[in-house]
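# Coordinate analysis (summary)
Each chain, written out:
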Amino acid sequence: TFVVTENCIKCKYTDCVEVCPVDCFHEGPNFLVIDPDECIDCTLCEPECPAEAIFSEDDVPKEHQKYLGINAELAKSWPVITESKEPPADADQWDRIKNGEVEDKLPHLEK
Ligand code: SF4
Ligand code: F3S
């Protein structure tokens, strides 16, 4: 399965959802998750994320291993999202790829 990790929090660009052939992205207030029971490992979403937040479960960086459980848990209650939308106005400011100074975002995850 593929996994959405920390850098999606407060960035939520949603480019990823358009390419998923099996609609396994679920949307929360400021983060998206992948339902591990639905993902067919097609790999299409990974390069779509400008925040580089999506990894194959085998490649999730050690410090982000907790996101495997977070994706599985939150996918159960959050609704499916299949169409991209405008990111938050301050998304770029919270994007680790664009801004090296970003603090740990997990405390900002809204459920
Ligand atoms: Fe969807 Fe494919 Fe990404 Fe899995 S790897 S979440 S099936 S786009
Ligand atoms: Fe998040 Fe990247 Fe998708 S920021 S919403 S995983 S495109």
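Please read all numbers here as calculations on a predicted model, not as lab measurements.

The subject of this paragraph is the overall build of the protein chain. Along the backbone of the protein chain there are one helix and four strands. Mapped in sequence order, the helices and strands of the protein chain form the string β-β-β-β-α. Computed over its C-alpha atoms, the radius of gyration of the protein chain comes to 12 Å, within 12% of the 13 Å expected for a compact globule of 111 residues. Along the three orthogonal principal directions, the C-alpha set of the protein chain runs to about 35 × 30 × 25 Å. Taking all 111 residues of the protein chain together, 32% fall into the buried category.

In the region of ligand 2, 14 residues are neighbours, and Cys 8, Tyr 13, Cys 16, Cys 49 and Ala 51 sit closest. Of the residues that constitute the shell around ligand 2, the class distribution is 10 nonpolar, one polar and three charged.

A word on the site of ligand 1. Neighbouring residues of ligand 1: 13 residues in total, closest Phe 2, Cys 20, Cys 39, Cys 42 and Cys 45. When its residues are assigned to classes, the shell around ligand 1 shows 11 nonpolar, one polar and one charged.

So, on to helix α1 (residues 66-75). Within α1 the residues assigned to the buried category are Tyr 67, Asn 71, Leu 74 and Ala 75. Within α1, the buried residues cover an arc of 100° as seen down the axis, which keeps them to one side. Facing away from the buried surface of α1 by more than 90 degrees, the exposed residues are Lys 66, Gly 69 and Glu 73. For α1, the elements touching its buried residues are β1 (2-4), β2 (25-27) and β3 (32-34).

What follows deals with the nonpolar core. Among the nonpolar cores identified, the biggest contains 26 residues, and Val 4, Cys 8, Cys 16 and Ile 34 are the most heavily contacted of them. Residue assignment for this core shows that the elements contributing at least two residues are β1, β3 and α1. If we skip the residues at most four places from it in the chain, Cys 16 touches Phe 25, Leu 32, Cys 45, Glu 48, Cys 49 and Ile 54.

To continue, consider unusual backbone geometry. Working note: non-glycine residues mostly have negative phi, and peptide bonds are mostly trans. Phi angles above zero are rare outside glycine, and Lys 10 is one such case at about 65°. In this structure, Lys 10 sits in the loop between β1 and β2. Looking at Lys 10, the number of C-beta atoms within 10 Å reads 22, which means it is buried. Despite not being glycine, Asp 41 shows a phi value in the positive range, around 60°. Using a count of 9 C-beta atoms within 10 Å as the deciding quantity, one classes Asp 41 as exposed.

Mapped onto the secondary structure, Tyr 67 falls in helix α1. Separated by 10 residues in the primary sequence, Tyr 67 and Glu 57 place their C-alpha atoms 9.5 Å from one another. Once you skip the residues sitting within four places of it in the chain, Tyr 67 turns out to touch Val 3, Val 4, Thr 5, Glu 6 and Val 60.

Moving on: the confidence of the model for the protein chain. The predicted structure's coordinates, where accompanied by low pLDDT, should not be read in detail. When pLDDT is averaged across the protein chain, the result is 98; 100% of the residues are at 70 or more. Listed scores for the predicted complex are pTM 0.98 and ipTM 0.99.

How each quantity is defined
- Residues numbered from 1 in each chain as written.
- Chains lettered and ligands numbered in written order.
- Predicted model: local features only at pLDDT ≥ 70, side-chain atom pairs only at ≥ 80, totals over all residues.
- Helix = DSSP H or I, 4+ residues; strand = E, 2+ residues; numbered from the N terminus.
- Rg over C-alpha atoms; globule rule 2.2 N^0.38 Å.
- Buried ≥ 20, exposed ≤ 12 C-beta atoms within 10 Å, placed from the backbone.
- Near = placed C-beta within 6 Å.
- Nonpolar A, V, L, I, M, F, W, Y, C, P; charged D, E, K, R; others polar.
- Arc of directions from axis to C-beta.
- Contact = placed C-beta atoms within 7 Å.
- Core = buried A, V, L, I, M, F, W, Y, C linked by C-beta atoms within 7 Å.
- pLDDT = per-residue confidence, 0-100.

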